[in-house]
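Fold and geometry: a report
Listed here are the chains, written in short residue letters.
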Amino acid sequence: MIGFVVRRLMAAAPTLIAVLTLVFVIVRIVPGDPALVILGDQATPEAIAALRARLGLDRPLHEQYFEFLFASLTGDFGTSLVTGRPIVSEVAAVLPHTLDLTGAAMVIGTVVGVPVGIWAALHRNRAIDVAARILSLLGLSFPVFVSGIFLLLLFALHWKIFPVIGNANLADPVDRLHKLVLPAITLGLVMAAYITRVTRSAMLHVLSEDFIRTARAKGVPWRAVVWKHGLRNALIPVVTVVGLYVGILIGNSVLTEIVFNRPGLGKIIVGALNQRDYSMLQGLMVIYCFLIVVVNLITDLTYGLIDPRVKHA
Amino acid sequence: MTTLLDVAGLVKHFTVTKGFPRPVTTTVRAVDGVSFSVRRGEAYGLVGESGCGKSTVARAVLRLIEPDDGTVRFDGADVRAARGETLARLRRRMQIIFQDPYSSLNPRRTIGQALTEPMRVHGLASGRAARDRAAALLDEVGMPPSALDRYPHEFSGGQRQRIGIARALTVEPELLIADEPVSALDVSVQAQVLLLLRDLQKRRNLAFVFVSHDLGVVRWFCDRVAVMYLGRIVEEGSVGEVFAEPLHPYARVLRDASPVPDPSGRGALPRIVGEIPSAANPPAGCHFHPRCPHVRDACRAAYPGWRRRGERGAACVLV
Amino acid sequence: MSTAAVVAVSPVRRAVARFLANPTTGIGIILCILVALSAILAPILSPHDPIEQDVIAQLSPPSATHPLGTDYFGRDVLSRILWGGRISLIVSLTAIAAAIVIGGAIGMVSGYIGGRFDNFVMRVMDVLLSFPSLILGLIVVALLGPDLVNLVVAIGLTAIAPFARIARAPVLALKERAFVEAGRALGYSHARILFVHILPNILSEVLVMGSLWMATAVRTEASLSFIGLGVKPPTPTWGGMMRDGFENILDAPWLPIFPGVAILLLVLALNMVGDGLRDATDPKLRAE
């Protein structure tokens, strides 16, 4: 198992460098001159030159690239152009909110999605299955800002059960949870829809395999077949897909945070966009890169836990 | 008869790299120095077990697979040196028929499209003329002209094989490379297709490189035959001689293992001992020595040289 | 092998039958056509000018003159929704079409060439794929500036990698088929083999994914507009209307409902069509 983990870690390194290169291309090369983007068209040439010097944009591109790579890999994500504070501390201040939200959404998605998916697969083409399919299709068609606003209209404005503003006091667990409910449901429903569909099709696929028929023929009770043979094998694709949906989850969390006015990475990114805080944008993208690589790593490792064959591959 | 195709020292190795973090590269010597020549209008057979490299030879001659070494001359022209236009013109003169009639035709194109496209590409005919020629070709392979507007899935395996043959004929080749052309067909259909091929050979004076694992088919169709084992030719000669009295022990084993129509005519079967070694790791010396009933010390030391006996030859110390 | 070849053409009819037998697909198609028609016919159907302001009728609830009410500037919500559909459809159609052409070409060529080149290209695509598409779109639009073309660029960029993957997989299988070898033996150019012989065989798979990615593109466009990175006001966009409605949610709670429903309907319809198409063409489902 340790060898497996080491191999995975080694494989993750080039991916990280590649993703960082992509960030460099997008942030540094795509817009042309970042200084012009930051200061706008009306800026004087002197101001632009000064900013270029301050950001190191006047140096050769490859120097900038290697310095960027080195800084990113050593954990130096830069400082905000607006506040002058290190981006790491800006992010650390709001990270608990984002983790609360995405974690809760993941839990909701799994707790709802996996059982419903299994249930639907076991009752294929019956009313329950049809309902699950329609609802999951609806769930993943809902842009989160639409479902979030609809939930807000119903539960916060109409019934006034939950607060409109989601800026929770982290020290107060009741307040923290109370303000998490609506945003977490908003984000969790999308995950639940995706997970339901993947679980259902994975389960259907596994149940049609020969070893299930063999187990049935041996006289293993149906319940045991489903739980012992079916589920374990069906979970493998589910884990992969959940790993892939983390990207969607991160994107959707930005929108959810805007709708519920929650502090978090999403709010920071939008704030940076509005204030043309170029350094902040770059730093945030680097942080997202790390996040994605780590999530992919966790997905791979989970794989190893569920599927004994992977460890030796 | 003049020599049409001359292959000398043909080599094709495949390398496979596997493993992490210490990748291991293995080289599969699929074709390891194969030489033979085919005369105009002659049917030349290549036989051997699966994996011996006979299909690779067929593809390397056409440069569908790029050979690593050796020369291929077609009617005096160097096939390996040909580029672009020259290569296209050479390829036009030698065509290939495939084993699997189901994958050899594009499922999305009608038979008419499949047959007229080569003519258009080579500027042989177009429009009405191309269609007429296609219909004539279909007639030649025993298919009705109504097939032109239909799709491959509407035909049986044997019919598709006929269509595949017609397509190969669209560019008026002088040499047909037939890669197991009847192995995928039912026995009854095999005979019809073989009769068609022989008929075409006589009528068009076609030369054939006929690749097969089925000795019965080769015996019936071919004039001369080469027996391949692990990427090399171990024996060559006229079909009658090679099959009547094989020189190489492997050729003998292969001959004795193939079914004989009359069971009473069969003697005691010699045992084939051992597994076929992998072409990735062939035994030192003669590749056949671990399985050979007549093995000697010399066989383990070095690969035996080619020895001639009249029109035939074999790579064996017994000759 | 043989079954794959047998199902290749005749199943078109079978797929169509299966497609129509699935009611969700039918509903999806009808909804898509309705949305497309309403967007095309927006100039005729709209009761009012979508950007004409009427300060007196500010934030009025649905009424006979304004069936869906008016917004903060007194603009007619129904007319704005009809016109806004145009932006959604134009942006997502162009972006996905571009992604299909560029991504599809990358995937086909990469798969056809194979070897190290293919490895490298697919590694790059994986990197593109691993980035959250909304964040990627967000940053690209933010850096390039929000307008129609840049929106198409940003959304198209996020969809290139998936289409490269989708196009590559079947090419890997098809290039091993004997008809490709036959084509080479017959002296066909690589371009002819790739675009005349292989392309038609992968088109259905790519187009099925196209409709599913259209749904994603509509959602992304609306999301970017909602964040404020869409086509600039006063041009009506559904996401922008959601943003306006959200800002006035306390005074006019109905305001965000209508554009929200419009977005949901179009995304749902596209997903329904894509789902139905996939079920109808998926060989695995057919085998069951």
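Residues numbered from 1 in each chain as written. Chains lettered and ligands numbered in written order. Predicted model: local features only at pLDDT ≥ 70, side-chain atom pairs only at ≥ 80, totals over all residues. Heavy atoms only, no water.

1. Looking at the overall build of chain B
Under the convention used in this document: Only DSSP runs of H or I with at least four residues qualify as helices, and only runs of E with at least two residues qualify as strands; both kinds are numbered from the N terminus onward. Radius of gyration here uses only the C-alpha atoms, and the compact-globule reference equals 2.2 Å multiplied by the residue count raised to the power 0.38. Per-residue accessibility, obtained with a 1.4 Å probe over protein chains only, is compared with the maximum for each type, and a residue is labelled buried under 20%, exposed over 50%, and partly exposed between these values. Should any heavy atoms of two residues lie within 4.5 Å, those residues are counted as being in contact.
Looking only at helices and strands, chain B has 10 helices and 12 strands in total. Relative to the 2.2 N^0.38 estimate, which gives 20 Å for 319 residues, the radius of gyration of chain B is 21 Å and therefore close to what a compact globule would have. In terms of overall dimensions, chain B has a C-alpha envelope of 70 × 55 × 45 Å along the principal axes. By the burial criterion, 52% of the 319 residues in chain B qualify as buried. Restricting the contact set of chain B to residue pairs at least 6 apart, pairs at least 24 apart contribute 64%.

2. Details of a nonpolar patch on the surface
All names here are of chain C. Heads up, the rule is: A patch consists of residues exposed above 30% relative accessible area that lack any salt bridge, with like charges linked at up to 9 Å and nonpolar side chains (Val, Leu, Ile, Met, Phe, Trp, Tyr) linked at up to 5 Å. Residue exposure ignores everything except the shown protein chains as possible cover, and the areas themselves are Shrake-Rupley values with a 1.4 Å probe. Here a salt bridge means any side-chain nitrogen of Lys or Arg lying within 4 Å of a carboxyl oxygen belonging to Asp or Glu.
Taken together, the side chains of Ile33, Leu37, Ile40, Leu41, Ile44 and Leu45 make up a nonpolar region of the molecular surface, amounting to roughly 570 Å² of accessible area. Examining the composition of the nonpolar patch, we find that 3 residues originate from one element, helix α3 (residues 23-40), more than from any other. Looking at the element boundaries, isoleucine 33 is found in helix α3.

3. Quick look at empty space enclosed by the protein
This is how the line gets drawn: The definitions used throughout rest on a 1 Å grid laid over the protein atoms alone, on which a cavity is an enclosed set of points accommodating a 1.4 Å probe that cannot get out and a pocket is an open set flanked by protein within 12 Å on both sides along at least five of seven lines; lining residues are those having an atom within 4 Å of a point. Grid points are joined across faces, edges and corners, and a volume is the space filled by probe spheres set on the points. Each residue receives one of three labels: charged for Asp, Glu, Lys and Arg, nonpolar for Ala, Val, Leu, Ile, Met, Phe, Trp, Tyr, Cys and Pro, and polar for the others, Gly being one of them.
Under the criterion given, the structure shown has 6 cavities of 30 Å³ or more. When its volume is computed, the largest cavity comes out at roughly 100 Å³. The wall of the largest cavity is formed by 13 residues, among which Asn106 and Arg167 of chain B together with Phe179, Tyr188 and His197 of chain C lie closest to the centre. The set of elements that each furnish at least two residues to the lining of the largest cavity consists of α3 (111-121) of chain B together with α9 (178-185) and α10 (190-227) of chain C. In terms of residue count, α9 of chain C provides more of the lining of the largest cavity than any other element does, 4 residues in total. Broken down by class, the residue content of the lining of the largest cavity amounts to 7 nonpolar, 3 polar and 3 charged. Here the second largest cavity defines a volume of roughly 80 Å³. When the residues that make up the lining of the second largest cavity are grouped by side-chain class, the tally is 10 nonpolar, 3 polar and no charged.

4. Some points on unusual backbone geometry
A cis amide bond links proline 233 of chain C with the next residue in sequence, proline 234 of chain C, at an omega value of 5°. Of note, asparagine 205 of chain B is a non-glycine position whose phi angle comes to about 55°, a positive value. Looking at the element boundaries, asparagine 205 of chain B is found in the loop between α6 (187-204) and β8 (207-212).

5. So, the packing of aromatic side chains
Where two aromatic rings form a pair, the distance of their centres and the angle of their planes describe that pair. Residue and element names in this part refer to chain A. We apply this condition: Working definition: rings of Phe, Tyr and Trp (its six-membered ring) pair if their centres are within 6.5 Å, and the pair is stacked with planes under 30 degrees apart, edge-to-face with planes over 60 apart, and tilted otherwise.
Taken as a whole and assessed by the stated rule, the structure comprises 17 aromatic pairs over all chains. Judged by centre distance (5.7 Å) and plane angle (45°), the rings of phenylalanine 77 and phenylalanine 290 are tilted. Linking phenylalanine 77 in the loop between α4 (61-73) and α5 (87-122) with phenylalanine 290 in helix α12 (residues 278-306), this pair joins segments that are 213 residues apart in sequence. The buried category is assigned to phenylalanine 77, whose relative accessible area is 18%. The class of phenylalanine 290 is partly exposed, set by a relative accessible area of 23%.

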